[in-house]
Amino acid sequence: QVQLQEFGGGLVQAGGSLRLSCTASGRTFSPYAMAWFRQAPGKERESVAAIRWGGGETEYQDSVKGRFTISADKAKNTLYLQMNSLKPEDTAVYYCYADSYGALYWGQGTQVTVSV
């Protein structure tokens, strides 16, 4: 019943910035947590950043700490990922994820390409 859709992917040069957003549709939306995952060609999907919906606690993969910021606008059912100082290794399909107390939802993914 919950649909997730990502926006904001694209092509950017190394050192640049992008802001991803993920909107959730549905009658109600109050997950335990939401997160951003990414998957590069030939690699497994990995967690990038996560946020607890209620308390706002966040956690990040070491490779993005200090560069990426995850945030949420609960009134708009929207999750954000601000990505700064992008590196070619950040190139991947980025997926929005929600854990609604055991009910798991995924977005369709949005491509982020960082050129050299």
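Everything here concerns the structure above.
Residues numbered from 1 in each chain as written. Predicted model: local features only at pLDDT ≥ 70, side-chain atom pairs only at ≥ 80, totals over all residues. Heavy atoms only, no water.

> Explain the nonpolar core to me, and be specific about the residues and the numbers.
If you look at the biggest cluster of nonpolar residues, it comprises 28 residues, and the most contacted ones within it are L4, M34, W36, L81, M83 and Y94. Of all the elements in the fold, those that place two or more residues in this core are β3 (18–25), β4 (33–39), β5 (46–52), β7 (68–73), β8 (78–83), β9 (92–100) and β11 (110–115). If near-sequence neighbours (up to four positions away) are discounted, M83 is found in contact with G16, S17, L18, L20, R67, F68, Y94 and V112. The next biggest cluster of nonpolar side chains, apart from the first, holds five residues, and it includes A35, F37, A50 and Y97. (Core = buried A, V, L, I, M, F, W, Y, C linked by side-chain atoms within 4.5 Å. Buried < 20%, exposed > 50% of the residue type's maximum accessible area, 1.4 Å probe, protein only. Helix = DSSP H or I, 4+ residues; strand = E, 2+ residues; numbered from the N terminus. Contact = heavy atoms within 4.5 Å.)

> Could you give an account of the packing of aromatic side chains, naming the residues involved and the relevant values?
Throughout the structure, instances matching the rule amount to six aromatic pairs. Taking 4.7 Å as the distance between ring centres and 55° as the angle between the ring planes, the aromatic pair formed by Y97 and W106 counts as tilted. Between R45 and the ring centre of Y95, over which it is positioned, the NZ or CZ distance is 3.7 Å. In this structure, R45 packs its charged tip against the face of W106, placed 4.8 Å from the ring centre. (Phe/Tyr/Trp six-rings, centres within 6.5 Å; stacked < 30°, edge-to-face > 60°. Lys NZ or Arg CZ within 6 Å of the ring centre and 35° of its normal.)

> Can you break down the state of the cysteines residue by residue, with the values?
Overall, the coordinates contain one disulfide when judged by the stated rule. Sulfur-sulfur distance for the disulfide between C22 and C96 comes to 2.0 Å. Disulfide C22-C96: the torsion about the S-S bond is -80°, which places it as left-handed. Here C22, found in strand β3, pairs with C96, found in strand β9; they are 74 residues apart in sequence, far enough to count as distant. Both residues of the pair, C22 and C96, belong to the buried class. (Disulfide = S-S within 2.5 Å.)

> Can you break down the pattern of salt bridges residue by residue, with the values?
Throughout the structure, instances matching the rule amount to five salt bridges. Several salt bridges share partner residues, and in doing so they unite R38, E46, R67 and D90 into one network. (Salt bridge = Lys/Arg side-chain N within 4 Å of Asp/Glu carboxyl O.)

> Now, about unusual backbone geometry: what can you tell me, with residues and values included?
Look at N77: it is not a glycine, yet its phi comes out positive at around 50°. Its location among the elements puts N77 in the loop between β7 and β8. Overall, the relative accessible area of 18% leaves N77 in the buried class. Its identity is not glycine, yet S85 carries a phi of approximately 50°, on the positive side. Within the secondary structure, S85 sits in the loop between β8 and β9.

By themselves, these observations are geometric and do not establish any function.
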